[in-house]
Amino acid sequence: MENQMIRSIFYSEFHPTAGPKIVFQVPEEIISAEEFHLMHIYVIPKKQLRNRTITLNFGGHRILGCPVYIEGPQYERNALIFNCCFVFDSSKDSSKYEKIVRKLSGYLTTLEVQHNFLSSEKKNEKLPAIMNAILNDLNKFGVCEIYIDPSTSLHLQREESVRDLVDVNDHDVPIMINKPSEGFENLDVAAKQVMRFIDGKRFVMVIALDADMDLKIVKHVVRLLV
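Residues numbered from 1 in each chain as written. Predicted model: local features only at pLDDT ≥ 70, side-chain atom pairs only at ≥ 80, totals over all residues. Heavy atoms only, no water.

Engineer: Would you mind going over the overall build of the protein in detail, with residue names and values included?
Structural biologist: Helices and strands together make up the secondary structure of the protein, namely seven helices and eight strands. Here the protein, with 226 residues, has 44% of them falling under the buried criterion. Taking the intrachain contacts of the protein between residues at least 6 apart in sequence as the baseline, contacts between residues at least 24 apart amount to 56%. Here the protein displays about 12,400 Å² of accessible surface, and carbon together with sulfur accounts for 49% of that area. (Helix = DSSP H or I, 4+ residues; strand = E, 2+ residues; numbered from the N terminus. Buried < 20%, exposed > 50% of the residue type's maximum accessible area, 1.4 Å probe, protein only. Contact = heavy atoms within 4.5 Å. Areas by Shrake-Rupley, 256 points an atom, 1.4 Å probe, with all protein chains shown as cover.)

Listed below in structure tokens is the structure:
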């Protein structure tokens, strides 16, 4: 699997007085304020380009985003304009992430329309942690499922993320060869959760049920551990 394919994720908005700006970025300073100033017209573009995937090569980076305009009288200037972008090395092929970026923009739009998730400073402070989880899980597993609250979750999966990995079926029984203590503390939270239920008896489907995890996540973890 391609490690660290995504270098950074940043969330940018058109501020009513300051103009286009990066609000959150994980990790920080991959895209500097100076760089963003030079390219912001492509990240927060004209209204005609809303809800379209845009790819920008700039300063050794390939930036993939999908700008969104949410109109309403509750916003200053009657619109919330934002773009949540993925950053790659300029030499990388980002095409397999285009659907992810569009889907993430859709999730964020729904969260804003239904819960004011982006426009509320109290609520949007959760965004950096969500972005960090997306970056880490997509880089490690090619898939992520994140719960915003007990009733709201987002699921993202990279295209072709399993082509080079072994097939894992619902009724396969994974067997632990190494002791869980060997490197266990360095594993992702999802991997740790799955490993707790690998006992040489449980099917993959049963592990997903017992661990209370999405079956696709469990399969990706098992592929990674094989």
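Engineer: Explain helix H2 (residues 98–115) to me, using residue names and the numbers behind them.
Structural biologist: Every α-helix carries 3.6 residues per turn, so stepping three or four residues along brings you back to the same face. With 18 residues, H2 should cover 26 Å at 1.5 Å per step; its first-to-last C-alpha distance of 26 Å lies within 8% of that length. Among the residues making up H2, those that are buried are Ile100, Val101, Leu104, Ser105, Leu108, Leu111 and Glu112. Each buried residue of H2 lies within a common arc of 135 degrees when the element is viewed along its axis, so the set occupies one face. Structural note: H2 exposes Lys99, Val113 and Gln114 on the side pointing more than 90 degrees away from its buried face. Contacts made by the buried residues of H2 are with strand E4 (61–65), strand E5 (68–71), strand E6 (79–89), helix H4 (127–141), strand E7 (143–149) and strand E8 (152–157). Asn116 sits one or two positions beyond H2 and adopts a positive phi of about 55 degrees. (Expected span 1.5 Å × (residues − 1). Arc of directions from axis to C-beta.)

Engineer: Which residues make up the side chain of Lys219, and what are the values?
Structural biologist: One can find Lys219 in helix H7 (residues 215–225). What makes Lys219 buried here is its relative accessible area of 17%. Discounting residues that sit within four places of it in the chain, Lys219 has contacts with Val168, Asn169, Asp170 and Val204.

Engineer: Which residues make up unusual backbone geometry, and what are the values?
Structural biologist: Pro27 follows Val26 through a cis peptide bond whose omega is -20 degrees. Phi is positive for Glu29, close to 70 degrees, though the residue is something other than glycine. With respect to the helices and strands, the residue Glu29 is situated in the loop between strand E2 (19–26) and helix H1 (33–43). Looking at Glu29, the relative accessible area reads 59%, which means it is exposed. Non-glycine residue Asn51 carries a positive phi angle of around 60 degrees.

Engineer: Just give me the short version of the pairing of E2, but keep the residues and values in it.
Structural biologist: Examined bridge by bridge, strand E1 (residues 8–15) and E2 share seven bridges and lie antiparallel to one another. What sits directly across from His15, in E2, is Gly19. Linking E1 to E2, which pair antiparallel, is a turn of three residues. (Pairing = 2+ DSSP bridges.)

Engineer: Report on the packing of aromatic side chains, specifying residues and quantitative values.
Structural biologist: All told, the structure shown has six aromatic pairs when counted by the stated rule. Measuring from ring centre to ring centre gives 6.5 Å for Phe86 and Phe88, while their planes differ by 50 degrees; the resulting arrangement is tilted. Note on Phe86: relative accessible area 0%, which makes it buried. Members of the aromatic cluster, joined through ring pairs, are Tyr11, Phe24 and Phe82. (Phe/Tyr/Trp six-rings, centres within 6.5 Å; stacked < 30°, edge-to-face > 60°.)

Engineer: Lay out a nonpolar patch on the surface with the relevant residues and their values.
Structural biologist: A surface patch of nonpolar side chains, amounting to about 470 Å² of accessible area, comprises Val173, Ile175, Phe203, Met205 and Leu209. For Val173, the location among the structural elements is in the loop between E8 and helix H5 (189–195). Residue Val173 is classed as partly exposed on the basis of its relative accessible area, which comes to 33%. (Patch = residues over 30% accessible without salt bridge, like charges linked within 9 Å, V, L, I, M, F, W, Y side chains within 5 Å. Salt bridge = Lys/Arg side-chain N within 4 Å of Asp/Glu carboxyl O.)

Engineer: For the packing of helix H6 (residues 204–211) against H7, give the residues involved together with the corresponding values.
Structural biologist: Relative to each other, H6 and H7 sit at 120 degrees, their axes nearing to 9 Å. Between H6 and H7, the crossing angle belongs to the class labelled oblique. In terms of crossing hand, the pair formed by H6 and H7 is right-handed. For the pair formed by H6 and H7, the contact residues are Val204, Met205, Ile207 and Ala208 on the first element and Leu215, Val218 and Lys219 on the second. The class makeup of the residues in the contact of H6 with H7 is six nonpolar, no polar and one charged. (Axes fitted to C-alpha atoms, helices over the stretch in contact; angles between N-to-C directions. Parallel < 35°, antiparallel > 145°, perpendicular 65-115°, else oblique. Left-handed = near helix turned anticlockwise from the far one by under 90°. Nonpolar A, V, L, I, M, F, W, Y, C, P; charged D, E, K, R; others polar.)

Engineer: Report on the confidence of the model for the protein, specifying residues and quantitative values.
Structural biologist: Averaged over all residues, the pLDDT of the protein equals 86, while 89% of them reach at least 70. Below pLDDT 50 for its whole length, residues 181–186 participates in three contacts with residues either more than four positions away or in separate chains. (pLDDT = per-residue confidence, 0-100.)

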